[in-house]
Every structure is written in structure tokens, then in C-alpha cells.
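Structural description and commentary
Okay, here's what each chain looks like letter by letter:
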Amino acid sequence: MSLAALPLLDQAVLVLAAMALFSAFALLAQSRLLAAIHVFAWQGLLVAAVAALMGAASGDVNLYVSAAITLALKVLLIPWMLHRLLRRLALERQADPLAHPALTLLAAAAIVVFADWVAAPVAQFEHSATRNVIAISLAVVLLGLLMMVVRRQALAQVLGFMAMENGLLLAAVASTHGMPLVVELGVAFDVLVAMVLFGVFFLQIKDSIDSLDVDRLSQLSASIEQDEEPEPRP
Amino acid sequence: MDRFLSLAAALLQPLLLLAAAPLLAGLVRRIKARLQNRRGAPLLTPYRDLRKLFGKEAVVARTASPLFRAAPYVVFAATLLAAAALPVFSTVLPGARIADAIALIGLLGLARFMLVLAGLDAGTPFGGMGAAREMLVTSFAEPALLLVIFTLAMTTHTTNLAGMADATLGGTTVLRPSYLFALAALLMVGVAECGRIPVDNPATHLELTMIHEGMLLEYSGRHLALMDWAAQLKLLLFAMLTVDLFLPWGLATRADPLALLLALPLLALKLALLAALLAVSETVLAKMRVFRVPGYLTLAFLLALLGLLSHVILEAAL
């Protein structure tokens, strides 16, 4: 079956999924925290649009509900909370550049190839027209994981975590027409509660080491003090 | 009769591109001026500039070698040859068989190589600086451009430009994610290759960040005219490449006079739209620092790579 034989709605789902993959790359490469939050909101919007389109294609009301939940949580509420947190921590202008940008992007491209290879046998047994989205969503999940590994800022790591959840939702929506509504609601509130907890954590970390750079958590507090205030020479 | 017509059209194509190139540059300048609340120069100013330069004496630096004199002709000829391969009216003309995308990139590479050598030749610091920066831009832009071509070649199973346009025209309209990425990458690379904002500023040679103008500082008279004309032709070439690869609707697929005539106004409309897009983007964007350019071009490369991957994942294995 060629791409041209698919209905237009399914083609649009494929395009949106590809754009979600691009947004995962953009999130990974974006060094400014404020811009990264905006990219995350766009990614949520893309996933919500995929859910709504799948709903239109299959006539399943559940999918509209999950699109609405995604829109409310991932596009509006969580970015707003992160935004407020950023202002409260005075990190709006903070940039967290990658240590090795070229290497990270190469690793990200390799991850996409790996995701395709892993998902190939799964996709063979599926009958849905948009089964290839499984590979894309697996790549989005792994890219979120990579982001948590390579970023030092705690806030950027949280964005990576949330992006992983976006990938899971994409897989569920595009390949199996959505999870049961109970599971969906549970996951959504889990993410929300996680967000609140992260917020509290950030304030605690900021209080104790005066930065959100998690690399500094591995140092003893005495050595941090030494770093910042060298002892006056006698 | 049919044979004569198609031969005439094939010979007419490069001449038409050559004649239209200054007009496109003038149009971009004019739209940009209007967007900035200026009246702007008349559309025909680039033609007058060229005529003026051709009438002037060419001064060559004492330190320059014969290569410096030869470079404008090689650059102009290579760019014209690359432009001659592009399908303008129709995909079935006799010239279509040599319209290979990889050969086209090679010809542009030859032109750029000569331009860089000429920039170094006179031995001025600005020439050397411009040459070094041109090579920096190229080493990132060329792989991205090749990846764009490969992405399209995977769908159309050919690297012939006319064949690619034919394949897009022949099939039903399909939303392809890979084409979307490839289009974005081609536009970004085209901006960098033609030395437009945000990579280089074509309007001035008073900036320390100049790239293309830096290499031309020593040129005057007919040499400068040829170099300028080649640069305008290159801008038109990239616009035509975008039209041929992504918006070929309106190209004649038969050598029939009516279809050939109809193709022309539609093409002019598409080119004018692209010129307007370029003018708007040049107005809203600021020129970036030279050291930011690799980052910009890495994004273009990444887009092209994602196009390739999304073809493999989403389209090929269906």
C-alpha cells in the first residue's frame, strides 16, 4: 500500500507525527529555558491535534476527550506553571547550553534509527494505517530520556520527562486508538501531581544550593561553599 | 514543427532566466523597501547598474594573477550552465535529460571554488576573510542541500530535476512529511547559499561581517558586472529549484505551444510569491553573528535528515 492510497486524515496524522518528532529535536537543542517551555507547549498541541484527527477518523468520542485533556494540561496548564516557576526562581534569561551539541544531535538521529529498528516487527503485525507512528513515538520517548541525561538544569530535565509522556500518548492514540479513559485520566493527573511536586522540589534545591544545576548536587555542601567564597589569605 | 518548437523553447530557457535574474533581485529589493516604508529604487535599477558596470574600465590590482581575470567568466559560465539545466516551461524539452540535481550542485561548487580563489588572489585581508567565511558556510550548506536532493530522490526514484517534477505532477496529491522537512531545509540552505539575511547582507559592503561582498571588493567594471549578474542568477536558480521540486504545478508536461505559454505567467506568479517571502523574512530577521551561522545550517541539515528519516519510517515501509 502506498502513501497515496491512505485517506487524507491519516496522511495529516503522519505529517503531524513527523512534526512532533521535530519538536522533540527542537526541545533537545533549545538552550534557553523559556523557549524550551514554548517548544514543549507546541509539542503538546501537535499530540492533541493527532488525537483529535484520529477521533475524527474513527468517530471515537474517547479520543476527543483525550485531545481536550492534552490541550488543557500539556498546552496550557503545565507550561503556565513552569512559566510561573521560572519567574519565581528568576531563571527567565537562564540558558543551559549543551556540552556537546553536535554529538548530542548525532546521538538523537541514531536514536530515531534505533527506534525504527525496534518498532519494525511491532508495526508488521498491526493493521492500522498509521502503525508507523509507533516508531516515531518511541523515538520521542527516547529523545525525552536523552534530554534528561544530557541536561544539567533541573527544569530542562523535567521538560524531558514531560516530553516522554507526550511520546507515550502519541503511541497510544495513533496505534491503538487511545487508552481506556480511566487510564488516560490517571496518567494525566499523575503528570499534574508530578509537576506540582517538581515545583516544590525546585524551590527546595534552589534554597539549599542556590542553583538548579543538578551537577552541583553531587558535591558536598562544604566544597560548594569553598568554590564560591575562597578563604581570605592570612 | 513540434521538434523545432521544443528545441527553440529549450534554447530560450537559459536566456529567459538570464534576462529575468536582475528583475527578481530588483523585485526583492523593491518589496523590502516598501516594507520598510521607503519608496525604493525602480524595478529596472539592477539592469541599469549592469549596463553602467559593463561600460566602465576594469581595474585589476598589480598583485593579481591571471586567475583573477578568468574567475568572473568561469563563475558566470558555471552558474549559467547550472541554470540552463533547470526545467522552466516544461519537463519534456531536449535539455531535460541533462538536468541532473547532483551535476547542478557540482556546477555551483565549481563557481564557488573559483569565487573563493579570486577572493584570495588579490591578497587583501577582506578578500581572504570573505573567502574563509564562504568556505565555512559552504561546508555546512552543501551536505544539507545534497540530503534534500536524496530525500526527494527516494520518493521519485530519480535525481533528474525534470523527472522529479514529472513524478510530483503525475501522482495524486499526497501530504508527505518528508517533503515538508525538505522544503524547509531547502529554503534555509538557499538563503545561506545566496548570501541573504540572516547569513550575509547583500545590501552593503561596509560591514565587517560581509561574506560575498568581501570577496568582490577588488573587482570593478565588466568583471564586477559578471559577478553581480552571476549572484542574481544564483538567487533565481534557487527560487526555480524550489518551484520545480516542490510547486511544479503549471509546468507543461507536453511540448505544445499553448501549455508552454500558460506555464510562463504561473511561473512568474510563483517566483513573485517567493520574492515576497524572502523580502518579508529579510525585514523581520536581523543578521546573525558569523559564529552563529554553523548553528543555523546545522538546523537545516537536521531538517533534511529528518526528512530522510521520516521518508524511511513513515512513507517507505507502508
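Preceding this paragraph is the structure being described.
Along the backbone of chain A there are eight helices and zero strands. In chain A, the order of α-helices and β-strands from amino to carboxyl end is α-α-α-α-α-α-α-α. Counting the 234 residues in chain A, one finds 40% classified as buried. Partitioning the contacts of chain A with sequence separation of at least 6, the portion at a separation of at least 24 is 72%.

Once that is clear, we can look at the interface of chain A and chain B. Contacts between chain A and chain B engage 19 residues on the former and 18 residues on the latter. With eight residues, helix 1 (residues 8-29) of chain A is the single largest residue contributor to the side of chain A that touches chain B. Residues of the side of chain A that touches chain B, tallied by class, amount to 15 nonpolar, three polar and one charged.

With that settled, the discussion passes to the packing of helix 5 (residues 125-156) of chain B against helix 11 (residues 293-316) of chain B. Geometrically, a packed helix pair is captured by the angle between its two axes and the distance between the axes. Residues and elements named next belong to chain B. Contact geometry for helix 5 and helix 11: axes closest at 9 Å, N-to-C directions at 15 degrees. Taken as axis vectors, helix 5 and helix 11 run roughly parallel relative to one another. Read as a crossing pair, helix 5 and helix 11 show a hand that is left-handed. Here Val 137, Phe 140, Ala 141, Pro 143, Ala 144, Leu 147, Val 148, Phe 150, Thr 151, Met 154 and Thr 155 of helix 5 lie close against helix 11, whose contacting residues are Val 293, Pro 294, Leu 297, Thr 298, Ala 300, Phe 301, Ala 304, Leu 305, Gly 307, Leu 308 and His 311. Of the residues assigned to the contact of helix 5 with helix 11, the class counts are 17 nonpolar, five polar and no charged.

The residue Ala8(B) is located in helix 1 (residues 2-35) in this model. Given 12 C-beta atoms within 10 Å, Ala8(B) falls into the exposed group.

Looking at where Val50(A) falls in the secondary structure, it is placed in helix 2 (residues 33-58). Once the C-alpha coordinates of Val50(A) and Asp10(A) are considered, the two residues, 40 residues apart in sequence, prove to be 9.5 Å apart.

Counting 169 residues, the largest nonpolar core has Ala17(A), Val50(A) and Ala304(B) as its most contacted members. Considering each element in turn, this core owes the most residues, 17 residues, to helix 9 (residues 221-246) of chain B. With residues near it in sequence (within four places) discarded, Val50(A) still touches Val13(A), Leu16(A), Ala17(A), Leu170(A), Val173(A) and Ala174(A).

Definitions and limits used
Residues numbered from 1 in each chain as written. Chains lettered and ligands numbered in written order. Predicted model: local features only at pLDDT ≥ 70, side-chain atom pairs only at ≥ 80, totals over all residues. Helix = DSSP H or I, 4+ residues; strand = E, 2+ residues; numbered from the N terminus. Buried ≥ 20, exposed ≤ 12 C-beta atoms within 10 Å, placed from the backbone. Contact = placed C-beta atoms within 7 Å. Nonpolar A, V, L, I, M, F, W, Y, C, P; charged D, E, K, R; others polar. Axes fitted to C-alpha atoms, helices over the stretch in contact; angles between N-to-C directions. Parallel < 35°, antiparallel > 145°, perpendicular 65-115°, else oblique. Left-handed = near helix turned anticlockwise from the far one by under 90°. Core = buried A, V, L, I, M, F, W, Y, C linked by C-beta atoms within 7 Å.

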